[in-house]
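Residue-level structural notes
Listed here are the chains, written in short residue letters.
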Amino acid sequence: MQQTGITGAGRNATGIGNNPNNSKIMVQDISSWYGAQPVLKEVSMPIHAKSITGLIGPSGCGKSTFLRCLNRLNDLVRSFRLQGTITLDGEDIYHPDADVVLVRRKVGMVFQHPNPFPMSVFDNVAFGVREHNRQIKKRELEEIVVESLQKANLWEEVKDKLQASGLSLSGGQQQRLCIARVLAVMPEVILLDEPCSSLDPVSTAKIEELLLQLKNSYTVVVVTHNLGQARRISDYLGFFLDGRLVEYGAAAEVITNPREKATEDYLAGNFG
Amino acid sequence: MVPEGSPAQTAVAGKLAAGKEPAFQTVVVSARRRSIKEAGIEKALFAFTILSSILIFLIMFFVISKAIPVLQANGFSFVFSGGWDEHFVNAWLAPAGEPSWRFGALPLIAGTLYTTAGALLIALPFGLGCAIFLTELCPARLRKPLESTVRLLAAIPSVIYGLVGLLVVVPLIADQLISNELALQMINVCALDGTSLLAGMIVLSMMIVPIFIALAADALAAVPRRYKEASLALGVSHWRTIVKVMLPVARNGILAGAILAAGRAIGEAIALSMVTGSVANLPSVRHGLVFFLEPMRTLASTIIDNAEGMSVATCEAALFACASFLLVACIILSLFARLAAGGIQRKGGAAGG
């Protein structure tokens, strides 16, 4: 039943690899509102497969709202409205018949503040897998959990305390646990909403290193407040201001040679 | 810290502006003045708190000491034997010189457990469903009015529930479930007229369900949003998120609500006295489903219904024995509620870190 909605077209997209012209997600002309308050204004942007797209901009510019449009998490806000289309592998995720649960399974998300469930480390990672496949064998589940923790560079730190509460880990470990939890359900896209904003520099470095590994297999979108981080990890960069996407392009291009004055000012630290 | 806009601050600001006195003196004087006043208030509140806890202990002491003669005279047979109504009449009619101390409260104690358990069995699943609907599934427009209605229901006096039970539930049971043949068959055991254990369970469940809904809904609404979002973002459906994430996180709060509802059910007197027939009959499982149709009476209802016996020392002591059982049961429940609530705090604290 969950296979309805989004199928078909996307299946072969993963084979396209590093072709920069290939977009995994296509955002076309979206505007959105909370009640009467406009948040996003006519934003269009491709999100390229197997690369990191960074989203920067001052607080309240709409970048987090934009990110939450990509997995339809804004649906939780009753007053939220959206116009325009967002396609994932060519399929409209806001289509009335689209299966929002499947969209979220394919487009995973890591939040600003680490939010592991109040369960053991193992159960945190296993939770989504069990929900998607309730008949899964114990052996198979354990393999997925271990593999996900390894991919999230957390395995070495938690292998002896899988039954400890996820909340007992440090902030940086919790955030990597959240990443492992997302990886375990095998998404195609991973959204991260300022994933390092509550972490210390060492933990931040570990997450950045991890993201650079992940982009080999996943499409990654990161909202960040940290320009240094955007510079270090992004392949593509979008600059939001006042709900508009002011500038978008290859990260190196945007950073060294911004087309817009506002981008230049922001990158120079004149506001933010 | 001097709070914004407090009299002290205004005074200091005024004097500074006028430039009459050095500021530090004013600050010290006003701080002293305020500390005397606040210390007085704090002491008074402390005294009230001590007073009310002493009062609770005095009540316990009073009730239990009054009950002791009956408990001593009967020992365990007070709990394990029946015949209350007969004993009560005997004690009431006994000549002053030779009082009758024989009482057996088994039907009352069992009746209290039956009604409470039955009411919880009906109210908890129903109430939990309502709480889930209110917090998670209800359209935004309906939520406020429905919530107010539920809270209003929790505030309705129990005698009203008793009246509704007597006018609606009891006749319904009498008409739908009790045939003349059945009543004739049971005539040597008890009268089947609709006032029954079942009526008590139904009325009691109606009474406790609103408070349980309100508390369970609060517990669900207090589940941090980050857990719900995390689960939904993993591609887990809303319903499974409720079942596997939100309910476990809210578990202690829901449990505390259930315990408070149980406390209300155990202590309820008047509504049950109206709909259960007020006979110290012990419904017997041997009668099959007729068990539910038999009249009965709880401890709390007994205290009300037999209150006129208070003028006789033995009867008075017997009623106080009933009261002490209720009191102990309620204290135990409230300790459990406290444990459950403590669980919430610990969990919340850990989750915050």
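Because the structure is predicted, anything quoted here is derived from the model rather than measured.

**Concerning the overall build of chain A**
- Tallying secondary structure elements over chain A gives 10 helices and 10 strands in all.
- On C-alpha atoms alone, chain A measures out to a radius of gyration of 18 Å, which is about the 19 Å that the 2.2 N^0.38 rule sets for 272 residues.
- By principal-axis analysis of the C-alpha atoms, chain A measures approximately 55 × 45 × 40 Å.
- Scored against the burial criterion, the 272 residues of chain A give a buried share of 46%.
- Restricting the contact set of chain A to residue pairs at least 6 apart, pairs at least 24 apart contribute 70%.

**A few points about the overall build of chain B**
- The number of helices and strands found in chain B is 14 helices and 0 strands.
- Reading chain B from its N terminus to its C terminus gives the helix and strand order α-α-α-α-α-α-α-α-α-α-α-α-α-α.
- A total of 353 residues make up chain B; the buried ones form 38% of that total.
- Contacts in chain B between residues far apart in sequence, at least 24 positions, make up 77% of those at least 6 positions apart.

**Focus: the sheet that holds strand β10 (residues 244–250) of chain A**
Residues and elements named next belong to chain A.
- In space, the 6 strands of this open sheet follow the order β6-β7-β8-β3-β9-β10, with mixed pairing throughout. The outermost strands of the open sheet, each flanked by one partner alone, are β6 (107–110) and β10. With strand direction ignored, the average angle separating the axes of adjacent strands in the sheet is 15°.
- Where strand β9 (residues 236–241) meets β10, 6 bridges bridge the pair, whose relative direction is antiparallel.

**Remarks on the packing of helix α9 (residues 197–221) of chain B against helix α11 (residues 238–267) of chain B**
All names here are of chain B.
- Viewed as axis vectors pointing N to C, α9 and α11 meet at an angle of 150°, and their least axial separation amounts to 8 Å. Between α9 and α11, the angle is such that the two are roughly antiparallel. Relative to α11, α9 is oriented so that their crossing is right-handed. Residues Leu204, Ile208, Ile211, Phe212, Leu215, Ala216, Asp218, Ala219 and Leu220 of α9 touch α11, and the partners they reach there are Met246, Ala250, Gly253, Ile254, Ala256, Gly257, Ala258, Leu260, Ala261, Arg264 and Ala265.
- Partitioning the contact of α9 with α11 into residue classes produces 16 nonpolar, 2 polar and 2 charged.

**Let's talk about the interface of chain A and chain B**
- Facing 21 residues of chain A, the contacting portion of chain B comprises 19 residues.
- Where the side of chain A that touches chain B is concerned, the elements lending two or more residues are α2 (100–106), β6, α3 (121–132) and α6 (171–184) of chain A.
- Element by element, the count of residues in the side of chain A that touches chain B is highest for α2 of chain A, at 4 residues.
- Across the side of chain A that touches chain B, the residue classes break down as 10 nonpolar, 6 polar and 5 charged.

**A few points about α9 of chain B**
- Its 25 residues give α9 of chain B an end-to-end C-alpha distance of 35 Å, which sits within 8% of 36 Å, the value for a rise of 1.5 Å per residue.
- Ile208 of chain B marks where α9 of chain B bends most, by close to 30°; the proline Pro210 of chain B follows one to four residues later.

**With respect to helix α10 (residues 225–233) of chain B**
- Among the residues of α10 of chain B, those classed as buried are Tyr227, Lys228, Ala230, Ser231, Leu232 and Ala233 of chain B.
- Packed against the buried residues of α10 of chain B are α2 and β6 of chain A together with α11 of chain B.
- Just past α10 of chain B, the residue Gly235 of chain B takes up positive phi, approximately 80°.

**A look at the environment of Gln150 of chain A**
- Tracing the sequence through the fold places Gln150 of chain A in helix α4 (residues 138–151).
- C-alpha of Gln150 of chain A to C-alpha of Ala180 of chain A: the two residues are 30 residues apart in sequence and 8.1 Å apart in space.

**What about the sheet that holds strand β5 (residues 91–92) of chain A?**
All names here are of chain A.
- In space, the 4 strands of this open sheet follow the order β2-β1-β4-β5, with antiparallel pairing throughout. Strands at the two margins of the open sheet, each flanked by one partner only, are β2 (37–48) and β5.
- Relative to β2, strand β1 (residues 23–34) runs antiparallel, the two being bridged by 8 bridges. Within β2, the position partnered with Met26 by the bridge is Pro46.

**Overview of the confidence of the model for chain B**
Residues and elements named next belong to chain B.
- Of the residues in chain B, 90% reach a pLDDT of 70 or more, and the chain-wide mean stands at 87.
- The model gives residues 1–6 a pLDDT under 50, and that stretch makes 3 contacts with residues more than four places away or in other chains.
- The model gives residues 347–353 a pLDDT under 50, and that stretch makes 7 contacts with residues more than four places away or in other chains.
- Confidence estimates for the predicted assembly give a pTM of 0.82 and an ipTM of 0.88.

**Quick look at unusual backbone geometry**
Residue and element names in this part refer to chain A.
- The residue Glu194 is not glycine, and still its phi comes out positive at about 45°.
- Relative to the elements of secondary structure, Glu194 occurs in the loop between β7 (189–193) and α7 (201–214).
- Even without a glycine there, the phi angle at Asp242 is positive, about 60°.
- Its place among the elements puts Asp242 in the loop between β9 and β10.

**What to know about the packing of α10 of chain B against α11 of chain B**
Residue and element names in this part refer to chain B.
- One can describe the packing of α10 onto α11 by two numbers: an axis separation of 10 Å at closest approach and a directional angle of 145°. Note that α10 runs across α11; the crossing there is right-handed. On α11, the residues that touch Tyr227, Lys228, Ser231 and Leu232 of α10 are His238, Thr241, Val245, Met246 and Val249.
- Considering only residue class, the contact of α10 with α11 consists of 5 nonpolar, 3 polar and 1 charged.

Basis of the calculations
- Along each chain, residue indices are assigned from 1 in the same order as the chain's sequence is written.
- Following the order in which they are written, the chains are lettered starting with A and the ligands numbered starting with 1.
- pLDDT decides what is reported in this predicted model: residues at 70 or higher carry local features, side-chain atom pairs at 80 or more are listed and counted, and totals for whole chains, interfaces and linings draw on all residues regardless.
- The helix count covers DSSP runs of H or I at least four residues long, the strand count covers runs of E at least two residues long, and both are numbered beginning at the N terminus.
- The atom set for the radius of gyration is the C-alpha atoms, and the globule formula is 2.2 Å times the number of residues raised to the power 0.38.
- As a rule, residues whose C-beta atom has 12 or fewer other C-beta atoms within 10 Å are exposed, those with 20 or more are buried, and those in between are partly exposed; C-beta atoms are placed from the backbone.
- Any two residues are considered in contact once their C-beta atoms, placed from the backbone, lie within 7 Å.
- If DSSP finds at least two bridges between two strands, the strands pair.
- To define axes, lines are fitted to C-alpha atoms, for helices over the stretch in contact only, and angles between the resulting N-to-C directions are given on a 0 to 180 degree scale.
- By definition in this entry, angles of less than 35 degrees are roughly parallel, angles greater than 145 are roughly antiparallel, angles of 65 to 115 are roughly perpendicular, and the rest are oblique.
- Each helix crossing is assigned a hand: it is left-handed if the near helix lies turned anticlockwise from the far helix by less than a right angle, otherwise right-handed if that turn is clockwise.
- Just so you know the grouping, Ala, Val, Leu, Ile, Met, Phe, Trp, Tyr, Cys and Pro go in nonpolar, Asp, Glu, Lys and Arg go in charged, and all remaining residues, Gly too, go in polar.
- Residue count minus one, scaled by 1.5 Å, sets the expected span of a helix.
- Note on bend: at a given residue it equals the angle between the axes fitted to the 7 residues ending there and to the 7 starting there.
- Note on scores: pLDDT gives the predictor's confidence for each residue, bounded by 0 and 100.

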